[in-house]
Amino acid sequence: MSQDLARDLMDGQRRALARAITLVESSRQDHRLEAEKLLSTVLPRTGGAVRLGISGVPGVGKSTFIEAFGLFLIEAGKKVAVLAVDPSSRRSGGSILGDKTRMEELTRRDEAFIRPSPAGESLGGVARRTREAMLLCEAAGYDVVIVETVGVGQSETAVADMVDLFLLLLLPSGGDELQGIKRGIVELADMVVVNKADGALVEAARRAAAEYQSALRMLRPVTHDWQVPVLLCSALEGRGLEEVWARIGQYRALQQDSGLWAEKRQNQASAWLWREIEESLLNALHHHPRVAQEIAGMEAAVREGGLTPSAAARRLLEAFGIAP
Ligand code: GDP
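Keep in mind that this is a model prediction, so the values were computed, not measured.

(A) Quick peek at the site of the ligand. Among the 16 residues in the neighbourhood of the ligand, the closest are listed as Gly59, Lys62, Thr64, Asp198 and Ala235. Gly59 is positioned with one of its backbone polar atoms (N or O) 2.8 Å from an oxygen atom of the ligand. Between the ligand and Thr64 there is a distance of 2.6 Å, counted from an oxygen atom to a side-chain nitrogen or oxygen. Compared with its free state, where it exposes 580 Å², the ligand has 74% of that area covered by protein. Residue classes in the shell around the ligand are distributed as five nonpolar, six polar and five charged.

(B) The side chain of Glu67, seen in detail. Here Glu67 lies in helix α4 (residues 62–75). Arg108 provides the closest opposite charge to the buried, salt-bridge-free Glu67, at an N-O distance of 7.2 Å. With residues near it in sequence (within four places) discarded, Glu67 still touches Met103, Glu104, Glu105 and Leu106.

(C) Broad picture of the packing of aromatic side chains. Inspection of every chain in the model, using the stated rule, returns five aromatic pairs. Geometrically, the ring pair formed by Phe69 and Trp245 is edge-to-face, given 6.2 Å between the ring centres and 70° between the ring planes. Of this pair, Phe69 sits in helix α4 while Trp245 sits in helix α12 (residues 241–258); the two residues are 176 residues apart in sequence, bridging distant segments of the chain. Taken together, the ring pairs connect Phe65, Phe69, Phe72 and Trp245 into an aromatic cluster. When the ring centre of Tyr142 is taken as reference, the NZ or CZ atom of Lys79 above it lies at 4.4 Å.

(D) Structural detail: the packing of helix α1 (residues 2–10) against helix α2 (residues 14–25). At a minimum axis separation of 8 Å, α1 and α2 run at an interaxial angle of 130°. Regarding the angle of α1 to α2, the classification is oblique. The element α1 and its partner α2 pack so that their crossing is left-handed. Residues Leu5, Asp8 and Leu9 of α1 form the contact with α2, whose own contacting residues are Ala16, Leu17, Arg19, Ala20 and Leu23. Classifying every residue of the contact of α1 with α2 by side-chain character gives six nonpolar, no polar and two charged.

(E) Inspection of the environment of Val24 at higher detail. Secondary-structure assignment places Val24 in helix α2. A relative accessible area of 0% places Val24 in the buried class. Taking the C-alpha atoms as reference points, Val24 and Ala35, separated by eleven residues in sequence, lie 5.3 Å from one another. What Val24 contacts, discounting residues up to four positions off in sequence, is Arg32, Ala35, Leu39, Arg129, Glu132, Ala133 and Leu136.

(F) Structural detail: the environment of Leu5. Residue placement: Leu5 occurs in helix α1. Judged by its relative accessible area of 2%, Leu5 falls in the buried class. Residues Leu5 and Leu38, 33 residues apart in the sequence, show an inter-C-alpha distance of 7.8 Å. Once you skip the residues sitting within four places of it in the chain, Leu5 turns out to touch Ala16, Arg19, Ala20, Leu23 and Leu38.

(G) Region of interest: the sheet that holds strand β4 (residues 144–149). Here we have seven strands laid out as an open sheet, ordered β3-β2-β4-β1-β5-β6-β7, and parallel in their pairing. Where the open sheet ends on each side, the last strands, each with one partner, are β3 (112–116) and β7 (230–232). Averaged over all adjacent pairs, the angle separating strand axes in this sheet is 20°, with direction ignored. Relative to β3, strand β2 (residues 80–85) runs parallel, the two sharing five bridges. Residue Ala81 lies in a different strand from β3, and its bridge partner there is Phe113.

(H) A nonpolar patch on the surface, seen in detail. On the surface, a nonpolar cluster with roughly 390 Å² of combined accessible area is contributed by Leu273, Trp274, Ile277 and Leu281. Within the secondary structure, Leu281 sits in helix α13 (residues 260–287).

(I) Region of the structure containing the pattern of salt bridges. Within this structure, the stated rule accounts for 17 salt bridges. One salt bridge connects Arg28 with Asp30, and the closest N-O pair in it is separated by 2.6 Å. In this structure Arg28 comes out as partly exposed when scored by relative accessible area, which is 47%. Asp30 gets classed as partly exposed once you look at its relative accessible area, which sits at 39%. One salt bridge in this structure joins Glu75 and Arg109, with 3.9 Å as the shortest N-O distance. Within this pair, whereas Glu75 is found in helix α4, its partner Arg109 is found in the loop between α6 (104–108) and β3, the two being separated by 34 residues in sequence. Its relative accessible area of 62% is what places Glu75 among the exposed residues.

Definitions and cut-offs
- Residues numbered from 1 in each chain as written.
- Predicted model: local features only at pLDDT ≥ 70, side-chain atom pairs only at ≥ 80, totals over all residues.
- Heavy atoms only, no water.
- Near = heavy atom within 4 Å.
- Polar contact = N/O pair within 3.5 Å; in protein donor to acceptor, adjacent residues only side chain to side chain.
- Areas by Shrake-Rupley, 256 points an atom, 1.4 Å probe, with all protein chains shown as cover.
- Nonpolar A, V, L, I, M, F, W, Y, C, P; charged D, E, K, R; others polar.
- Helix = DSSP H or I, 4+ residues; strand = E, 2+ residues; numbered from the N terminus.
- Buried < 20%, exposed > 50% of the residue type's maximum accessible area, 1.4 Å probe, protein only.
- Lys, Arg positive; Asp, Glu negative; His and termini not counted.
- Salt bridge = Lys/Arg side-chain N within 4 Å of Asp/Glu carboxyl O.
- Contact = heavy atoms within 4.5 Å.
- Phe/Tyr/Trp six-rings, centres within 6.5 Å; stacked < 30°, edge-to-face > 60°.
- Lys NZ or Arg CZ within 6 Å of the ring centre and 35° of its normal.
- Axes fitted to C-alpha atoms, helices over the stretch in contact; angles between N-to-C directions.
- Parallel < 35°, antiparallel > 145°, perpendicular 65-115°, else oblique.
- Left-handed = near helix turned anticlockwise from the far one by under 90°.
- Pairing = 2+ DSSP bridges.
- Patch = residues over 30% accessible without salt bridge, like charges linked within 9 Å, V, L, I, M, F, W, Y side chains within 5 Å.

Take a look at the structure:
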């Protein structure tokens, strides 16, 4: 079954891509094994896309931007996949990204593939499946894979760890905005775009861009010939998109020339390997019958001060079958 699926997927069939992503999203053990087989088969066909992370607070214009940018890329002859990461859905009970009808026009295009992440999963799980979905999109022939996050939580770090370039969308308000956004998120950005630079907001957007640019010069000095640029755009009017794409191309060329493009992907892949190992080991530990029997008692003893954490950890690992 996975051989047919792999073939149809690499043939660029969208329905096969959708089915393949559903497979990697499943937590059923037999599905996981099948997904692994599928991923191994298509792996040689991956790696060809520009992997782009896009983030920003709700209301900044992410879906408007991605729709306009996606249509712009399609006009330029590209195929575009959009994966949305939304781990907030569990806490809020509703999905920030999924509530409204988003990117209607882009959804209708054959050259586009849009997939929201399913609700109610842990960040680790969402990140794993998003990575795998990204590889599947590449194997299906998409030239640009956009991974979107809501910009309010931890998911940005996870996304920055899986993309080539992380783009942060900001509103045309002053420097206060920089503090409203978590500083860590600004530090992750390889490119900043001030959206809504139109109508009455043009001047404010210009001022904001200048402020961000000087803040970023301190926060992110030039590394490997790259100063994080602050660009202006109006997603609503479709202006500034060409410049964004040109800068992405410039970034890519710079990094490919210096070998950093490939190096970053290699580092991301090995970090992913270790995260998989850590997650699987912890999972196995928690489900081990002897460990499960002893863990509550050990934890209580540590809390009460009767046992040191290191001694308790050693005993639990012994129960698990590892003698450190
Ligand atoms: P998201 O929550 O980040 O996905 O934001 P949306 O794309 O849903 O946009 C939020 C609101 O901002 C909507 O009412 C959009 O029409 C508006 N908006 C988005 N981009 C622009 C823009 O470039 N200019 C202006 N003036 N409004 C915009």
